[in-house]
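Fold and contact review
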Amino acid sequence: MTDIFVARSDRLAARKVAGEVVILSADDSSLYVLNGVGSAVWEAADGRTPLSAIVDDIICRAYNVDRESAWRDVEEFVAGLVSYGVLRTSPEAMSIDLPDHRPSVDI
Amino acid sequence: MSDLMQYVWDRALDSHVPLSVHFDLTYRCNERCVHCYLDHDDHGEMTTPEVTDVLDQLAAAGTLFLTFSGGEILLRKDLFELVAYARALQFDVKLKTNGILIGAREAARIRELGVRQLQISIYSHRPEVHDAITKVPGSLARSLAAIRFLSAQGVRVMIANVLMRQNASDYPGVRALATELGVDCTIDPTITPKMDGDTSIVALRLPAPQLLRVFTDRSLVGDDFMTAPSMEIDRETLDGRPCSAGHTFCYISPYGDVYPCVQFPLPSGNLRQQRFERIWFESPQLGDVRSIRVRDLPTCSSCGHVSTCTRCPGLAYMEGNMRGPSSADCEKSLLRTGAAAAGVHPGRGTGSS
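Quantities reported herein were computed from a predicted structural model and do not represent experimental measurements.

What to know about the sheet that holds strand S8 (residues 258–259) of chain B
All names here are of chain B. With mixed pairing, the 8 strands of this open sheet are ordered in space as S6-S5-S4-S3-S2-S1-S7-S8. Two strands in the sheet have a free side with no partner beyond their single neighbour: strand S6 (184–188) and S8. Relative to strand S2 (residues 65–69), strand S1 (residues 20–24) runs parallel, the two being bridged by 5 bridges. Bridge pairing in S2 places Phe23 opposite Phe68. Relative to the sheet, helix H2 (residues 48–61) contacts S1, S2 and strand S7 (249–252), its axis offset from that of S1 by approximately 175°.

Overview of the interface of chain B and chain A
The partner chain A presents 27 residues to the 32 residues of chain B that form the contact. In this assembly, chain B packs against chain A so that about 2,400 Å² is buried in total across both faces, 56% of it on carbon and sulfur atoms. Summed over the three residues of chain B that lose the most area to chain A, namely Arg11, Gln90 and Arg116 of chain B, the buried surface amounts to 26% of that side. Linking chain B to chain A there are 2 salt bridges. A salt bridge links Arg111 of chain B to Asp27 of chain A; the nearest nitrogen and oxygen atoms lie 3.0 Å apart. Connecting chain B to chain A are 11 residue pairs in polar contact (both at pLDDT 80 or more). Contributing elements (two or more residues each) for the side of chain B that touches chain A: helix H1 (3–14), H2, helix H3 (79–88) and helix H4 (104–113) of chain B. At 6 residues, the largest contribution of residues to the side of chain B that touches chain A is made by H1 of chain B. Here the side of chain B that touches chain A is composed, by residue class, of 18 nonpolar, 6 polar and 8 charged.

Quick notes on the packing of H2 of chain B against H3 of chain B
All names here are of chain B. Look at H2 against H3: their axes get within 10 Å of each other, and the N-to-C directions meet at 20°. One element, H2, and the other, H3, form an angle in the roughly parallel class. Judged by the sense of rotation from one axis to the other, the crossing of H2 with H3 is right-handed. For the pair H2 and H3, the contacting residues are Thr48, Val51, Thr52, Leu55 and Asp56 in the first and Glu81, Leu82, Tyr85 and Ala86 in the second.

A few points about the environment of Arg88 of chain A
Residue and element names in this part refer to chain A. Looking at the element boundaries, Arg88 is found in strand S6 (residues 87–90). C-alpha separation for the pair Arg88 and Ala7, spaced 81 residues apart in sequence, amounts to 5.4 Å. With residues near it in sequence (within four places) discarded, Arg88 still touches Phe5, Val6, Ala7, Arg8, Ser9, Val82, Met94, Ser95 and Ile96.

A word on the packing of helix H5 (residues 127–134) of chain B against helix H6 (residues 139–153) of chain B
The relative placement of two packed helices comes down to the angle between their axes together with the axis-to-axis distance. Residue and element names in this part refer to chain B. One way to put it is that H5 packs onto H6 with a least axis distance of 8 Å and a crossing angle of 100°. Judged by the inter-axis angle, H5 sits roughly perpendicular to H6. Mapping the contact onto sequence places Pro127, His130, Asp131 and Thr134 in H5 and Ser139, Leu140 and Ser143 in H6. Residues of the contact of H5 with H6, tallied by class, amount to 2 nonpolar, 4 polar and 1 charged.

A few points about the packing of aromatic side chains
Residue and element names in this part refer to chain B. According to the stated counting rule, one finds 7 aromatic pairs over all chains in the structure shown. When the centroid spacing of 5.5 Å and the interplanar angle of 45° are considered together, the rings of Phe264 and Tyr317 count as tilted. Within this pair, whereas Phe264 is found in the loop between S8 and helix H11 (276–282), its partner Tyr317 is found in helix H13 (residues 313–318), the two being separated by 53 residues in sequence. On the basis of relative accessible area, Tyr317 is assigned to the partly exposed category, the value being 27%. Taken together, a centroid distance of 5.9 Å and an interplanar angle of 15° make the contact between Phe276 and Trp280 stacked. On the criterion of helical spacing, the pair formed by Phe276 and Trp280 is a turn pair, its members being 4 residues apart in helix H11. Judged by its relative accessible area of 0%, Phe276 falls in the buried class.

Observations concerning the nonpolar core
Residues and elements named next belong to chain B. Counting residues in hydrophobic clusters, the biggest one holds 51 residues, and the most contacted among them are Phe23, Leu55 and Phe68. Sort the elements by how many residues they give to this core and H2 lands first, with 6 residues. Leave out the neighbours within four places in its chain, and Phe23 touches Met46, Val51, Val54, Leu55, Leu66, Thr67, Phe68, Ser69, Ile252 and Ser253. Counting 29 residues, the second-largest nonpolar core is a separate cluster that includes Leu204, Phe264, Val289 and Val294.

Overview of the confidence of the model for chain B
Residue and element names in this part refer to chain B. Chain-level statistics for chain B give a pLDDT mean of 91 and a share of 94% at 70 or above. Under a pLDDT of 50 for its full length, residues 346–353 has, in the predicted model, 16 contacts with residues more than four places off or in other chains. The ipTM value of the predicted complex is 0.85, and its pTM value is 0.90.

Describing the sheet that holds S6 of chain A
Residue and element names in this part refer to chain A. Here we have 3 strands laid out as an open sheet, ordered S5-S1-S6, and antiparallel in their pairing. The sheet terminates laterally at strand S5 (46–50) and S6, the two strands that pair on one side only. Within the sheet, the average angular offset between the axes of one strand and its neighbour, ignoring direction, is 25°. Along the sheet, helix H3 (residues 67–83) makes contact with strand S1 (5–8) and S6, crossing S6 at roughly 115°.

What to know about a negative patch on the surface
A cluster of like negative charges, contributed by Asp39, Asp41, Asp42, Asp196 and Asp198 of chain B, occupies part of the molecular surface. Among the secondary structure elements, Asp39 of chain B is positioned in the loop between S1 and H2.

Quick look at the environment of Ser143 of chain B
Residues and elements named next belong to chain B. Following the sequence through the fold, Ser143 ends up in helix H6. We classify Ser143 as buried; its relative accessible area is 0%. For Ser143 and Ile100, which are 43 residues apart along the polypeptide, the C-alpha to C-alpha distance reads 5.2 Å. With sequence-adjacent residues up to four places away left out, Ser143 is seen in contact with Glu31, Asn98, Ile100, Ile120, Ile122 and His130.

A closer look at the environment of Val55 of chain A
One can find Val55 of chain A in helix H2 (residues 51–63). With near-sequence residues (within four places) excluded, Val55 of chain A lies in contact with Cys60, Arg67, Ala70, Trp71 and Val74 of chain A.

Each value, and the rule that gives it
- Once a new chain begins, its residue numbering starts again from 1 and follows that chain's sequence as written.
- Think of it this way: whatever chain is written first is A, whatever ligand is written first is 1, and the rest follow in order.
- In keeping with the model being predicted, local features are shown solely for residues with a pLDDT of at least 70 and side-chain atom pairs are shown and tallied solely at 80 or more, while totals for entire chains, interfaces and linings include all residues.
- Each side-chain value is derived from all of the structure's non-hydrogen atoms; neither hydrogens nor water enter the calculation.
- Two strands form a pair only when DSSP identifies at least two bridges running between them.
- Only runs of H or I of at least four residues qualify as helices and only runs of E of at least two qualify as strands under DSSP, and these elements are numbered from the N terminus.
- Whether two residues touch is decided by their heavy atoms; if any such pair falls within 4.5 Å, the residues are in contact.
- A fitted line through C-alpha atoms serves as each axis, taken over the contacting stretch for helices, and the angle formed by two N-to-C directions is quoted from 0 to 180°.
- Buried area is a sum: the accessible area each of two parts loses on coming together, probed at 1.4 Å, counted once for each and added.
- By convention in these notes, a salt bridge is any Lys or Arg side-chain nitrogen within 4 Å of a carboxyl oxygen on Asp or Glu.
- Pairs of N or O atoms are called polar contacts if they sit within 3.5 Å, as long as, within protein, a hydrogen donor faces a hydrogen acceptor (for residues adjacent in sequence, only side-chain-to-side-chain pairs).
- Note that Gly is not counted as nonpolar here; it falls among the polar residues with everything else outside the nonpolar set of Ala, Val, Leu, Ile, Met, Phe, Trp, Tyr, Cys and Pro and the charged set of Asp, Glu, Lys and Arg.
- Working rule for angles: under 35 degrees goes down as roughly parallel, over 145 as roughly antiparallel, 65 to 115 as roughly perpendicular, anything else as oblique.
- The handedness criterion is simple: a crossing whose near helix is rotated anticlockwise from the far helix by less than a right angle is left-handed, and one whose near helix is rotated clockwise is right-handed.
- Centres within 6.5 Å make a pair out of two Phe, Tyr or Trp rings, where for Trp the six-membered ring is used; the pair is then stacked when the planes are under 30 degrees apart, edge-to-face when over 60, and tilted otherwise.
- Only protein chains enter the calculation, and the probe is 1.4 Å; a residue is then buried if its accessible area is under 20% of its type maximum, exposed if over 50%, and partly exposed in between.
- We define the nonpolar core as a collection of buried residues of types Ala, Val, Leu, Ile, Met, Phe, Trp, Tyr and Cys that are connected through side-chain atoms lying within 4.5 Å of one another.
- You can read pLDDT as the predictor saying how much it trusts each residue, on a scale of 0 to 100.
- In this scheme, patches are assembled from residues that exceed 30% relative accessible area and form no salt bridge. Like charges are connected within 9 Å, while nonpolar side chains (Val, Leu, Ile, Met, Phe, Trp, Tyr) are connected within 5 Å.
- The accessible surface values rely on the Shrake-Rupley method and a 1.4 Å probe; as for residues, cover is taken only from the protein chains in view.
- Positive charges are assigned to Lys and Arg, negative charges to Asp and Glu, while His and the chain termini are left out of the count.
- Charge placement uses NZ in Lys and CZ in Arg. For Asp and Glu, CG and CD serve respectively.

This is the structure we're talking about:
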């Protein structure tokens, strides 16, 4: 299990709408809606937090799942969004041009 | 609209999220279009810090889709600063412009900022017609040059072709031009009264025979034209909301005024006096708009066209009653189907023919 850092692409628009993150690509208008777990990963994907910390400190705690299952699911989820250009990963911490995702008002 | 996009809109509607905002940054313009509904004098536009503060408020309120328009937005010297700020807040940004001030450098900057779409108004493929509408000689050539600069950068462009008496027969030429340029094209025969209530420009609307030609043009509407409406009015339709204005959409003027929609000039609050969230959730005017269901419309709720009509509550408001019919849309329903609409009957136009 190799740790990585995950960051949001800067070619996207995104907003949390009623608890779910909605993402729209500026380049091809692709639309993505993330469920609660996906939204939590997205919000934590600041390029500086290792994926292991996202899994341990956010997903496992919030959703009461075992680490092995959570790691497997989050890895698969991240790989999917990387393939769409929504997330990018690196073995090193990354800076992102966009400010940290602001705490959204979950209206 | 895709099922997923519909899902997002439904979630926003259920949660009272202002998902989409049309924000006019200026009413100043370098064209003087004959059909324009705006007063082009500057009566005190919001400053850069005022606009960025509003953008912060909109992001916090849940707005995703943000359209910057005008007036001509490139007359604001801080436009790119504002777009950069909006993109940093992760808005989906669209720009509406005439393109006259867009050269290669501006197009590259727009691409760099991640603007998803630009809408550029083209009235005709013929310079003499387009330039007569904008009252700016050479404007068609400059707008087309802008489209080419933007396309070369890979920016998605939509040509907006507003139809009126002056260019009624030119839309096939504009569509061919769009195809040649490799961009999208939308056609809209809607001419609205001026924001101050002056209705003189309504006379520019397409006369009925020409509007009928548009509605029966298979290249535009496929095989759906002349479909008689079902005269049955179902409960779901009656329980529906007239449109998204004030529900998931609103309009902000350069002076901070908030309205339900750009076509619905019902003053609902001012951002120089109140926070957006307070206006959105507490404005009595927006509350009134939100309370309306189709069954509350005294004329339209019993009209056979009610389930398919494009009735605009803003146009109805400008005719004097936001719960009343919008006569221009009544006429469109009549022309589309040949069947009488509650606000207009065959053989009796609404004054635009």
